[in-house]
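Here are the chains, one letter per residue:
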Amino acid sequence: MAQRLRQTQASFEEAFAEQAEEERQRAEELRRRALQRTAARHRERRHKRGSMRFGLLVLILLGTAVLVTVAMFQALYLVMG
């Protein structure tokens, strides 16, 4: 009877150790996935801000070109007129 109890206790301890290891691995996997999602969100935000800044830069350059062209023709009109 004592031998059987020791075997049962040993099997419970072994199952507990295996379950604890599985829980640790699962927690580590969840942490790793959360870090990957966070990094992906940061990359996406950085890309979005970069695209917005580029679009703003293009608009500013076009506006500047238009203003310079208008000012140049007005100056030319004043000089020639």
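Look above for the structure.
Reading guide: rules and limits
Residues numbered from 1 in each chain as written. Predicted model: local features only at pLDDT ≥ 70, side-chain atom pairs only at ≥ 80, totals over all residues. Heavy atoms only, no water. Helix = DSSP H or I, 4+ residues; strand = E, 2+ residues; numbered from the N terminus. Rg over C-alpha atoms; globule rule 2.2 N^0.38 Å. Buried < 20%, exposed > 50% of the residue type's maximum accessible area, 1.4 Å probe, protein only. Patch = residues over 30% accessible without salt bridge, like charges linked within 9 Å, V, L, I, M, F, W, Y side chains within 5 Å. Areas by Shrake-Rupley, 256 points an atom, 1.4 Å probe, with all protein chains shown as cover. Salt bridge = Lys/Arg side-chain N within 4 Å of Asp/Glu carboxyl O.

> How would you sum up the overall build of the protein? Please name residues and give values.
Looking only at helices and strands, the protein features one helix and zero strands. Its C-alpha radius of gyration of 35 Å places the protein more than 25% over the 12 Å reference for a compact globule of 81 residues. Each principal axis of the C-alpha atoms in the protein carries an extent, and together these give about 120 × 5 × 5 Å. Across the 81 residues that make up the protein, the buried fraction comes to 0%.

> Any details on a nonpolar patch on the surface? Residues and values, ideally.
A cluster of nonpolar residues, F54, L57, V58, L59, L61 and L62, forms a patch on the protein surface that exposes about 610 Å² of accessible area. Along the chain, the position of V58 falls in helix α1 (residues 2-80). We classify V58 as partly exposed; its relative accessible area is 34%.

> Tell me about the environment of A34, residues and numbers included.
On the secondary structure map, A34 appears in helix α1. Through-space distance from the C-alpha of A34 to that of Q7 is 40 Å; in sequence the pair is 27 residues apart.

> Could you give me a rundown of the pattern of salt bridges, with the residues and numbers involved?
Using the criterion set out here, one finds five salt bridges in the structure. A salt bridge links R32 to E29, with the shortest nitrogen-to-oxygen separation between them at 2.5 Å. Taken together, the positions of R32 and E29, both in helix α1 and three residues apart, correspond to about one turn of that helix. Take E29: its relative accessible area is 25%, and that puts it in the partly exposed class. E29 serves as the salt-bridge partner of R33, at 3.1 Å between the closest nitrogen and oxygen. Pair noted here: R33 and E29 are both in helix α1, with a separation of four residues, about one helical turn. By relative accessible area, R33 is classed as partly exposed at 44%. A single network of salt bridges, built from pairs that share partners, joins E29, R32 and R33.

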